[in-house]
Amino acid sequence: MERRDVIKLGAGASLTLGLPARALAADTRPVDLWVADSRYPFAGAPMAPALRAFSIDGDVTDLWRDLVDPLWRQPGTGLAGLTGRDALFVLEQLAWSRGRRVVERASYAPETTRLPQLVRWRIAPHHPSTKAHP
């Protein structure tokens, strides 16, 4: 990692520390799973109330196979996270096949030469048949 990358990530981290409370004020519903990208040292702290957390290193294969696919076979389950844009892209594509959509997305750190842009996101049910029943 180059010095410039560290400076960019540091700037993004300082912004991140001040934004979560305001950013989540409108939507404080708990999610079933918080996903943190270990490539970013400050991404591990959940910024949303979650039942459990899972760490990835940019690759969502284990996350999908072990947790997300079984969760999304149940109605009403959603997830949120702070990951690279690349990991979110894959999860977003998989979400479409299970009746979910990215309903919230906010960029936190600029893209660097080694890491994709850091994004905070939330994926929730979209189709009525995938929403939780009261």
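Calculation rules
- Residues numbered from 1 in each chain as written.
- Predicted model: local features only at pLDDT ≥ 70, side-chain atom pairs only at ≥ 80, totals over all residues.
- Heavy atoms only, no water.
- pLDDT = per-residue confidence, 0-100.
- Helix = DSSP H or I, 4+ residues; strand = E, 2+ residues; numbered from the N terminus.
- Contact = heavy atoms within 4.5 Å.
- Buried < 20%, exposed > 50% of the residue type's maximum accessible area, 1.4 Å probe, protein only.
- Lys, Arg positive; Asp, Glu negative; His and termini not counted.
- Salt bridge = Lys/Arg side-chain N within 4 Å of Asp/Glu carboxyl O.
- Polar contact = N/O pair within 3.5 Å; in protein donor to acceptor, adjacent residues only side chain to side chain.
- Core = buried A, V, L, I, M, F, W, Y, C linked by side-chain atoms within 4.5 Å.

Caption draft 1: The confidence of the model for the protein chain, seen in detail. Overall, the prediction assigns the protein chain a mean pLDDT of 76, with 66% of residues at 70 or greater. Within the protein chain, the lowest mean pLDDT, 41, falls on helix H2 (residues 20–23), and the highest, 94, falls on helix H4 (residues 85–96). Ignoring residues within four places in sequence, the model shows residues 13–26, a span with pLDDT below 50, making 16 contacts including any to other chains.

Caption draft 2: Molecular detail of the side chain of Arg100. Relative to the helices and strands, Arg100 is located in strand E4 (residues 100–109). Lacking a salt bridge, the buried Arg100 has Asp32 as its closest oppositely charged neighbour, with an N-O distance of 7.1 Å. A polar atom in the side chain of Arg100 sits 3.0 Å from the backbone oxygen of Thr77.

Caption draft 3: Layout of the nonpolar core. Counting residues in each nonpolar core, the largest one holds 19 residues, and the members touching the most others are Leu33, Leu63, Trp72 and Trp121. For this core, the secondary-structure elements that each account for two or more residues are strand E1 (31–37), helix H3 (61–72), H4 and strand E5 (118–125). If one sorts the elements of this core by residue count, H3 sits on top with 6 residues. Those residues in contact with Trp121 that sit more than four places away from it in its chain are Val35, Leu79, Ala80, Gly81, Leu82, Thr83, Leu88, Leu91, Glu104 and Arg105. With 10 residues, the next largest nonpolar core counts Ala80, Leu82, Ala109 and Leu115 among its residues.

Caption draft 4: Region of the structure containing the pattern of salt bridges. Across all of its chains, the model carries 9 salt bridges by this definition. Across the pair Asp62 and Arg65 runs a salt bridge, and its minimum N-O distance is 2.7 Å. Separated by 3 residues within a single helix, Asp62 and Arg65 lie in helix H3, roughly one turn from each other. For the salt bridge of Asp69 with Arg73, the shortest nitrogen-to-oxygen distance reads 3.1 Å. Of the residues examined, Asp69 reaches a relative accessible area of 14% and is grouped as buried. Look at Arg73 and you get exposed, because its relative accessible area is 59%. Bridged by salt links that share partners, the residues Asp37, Arg39 and Asp86 form one connected network.

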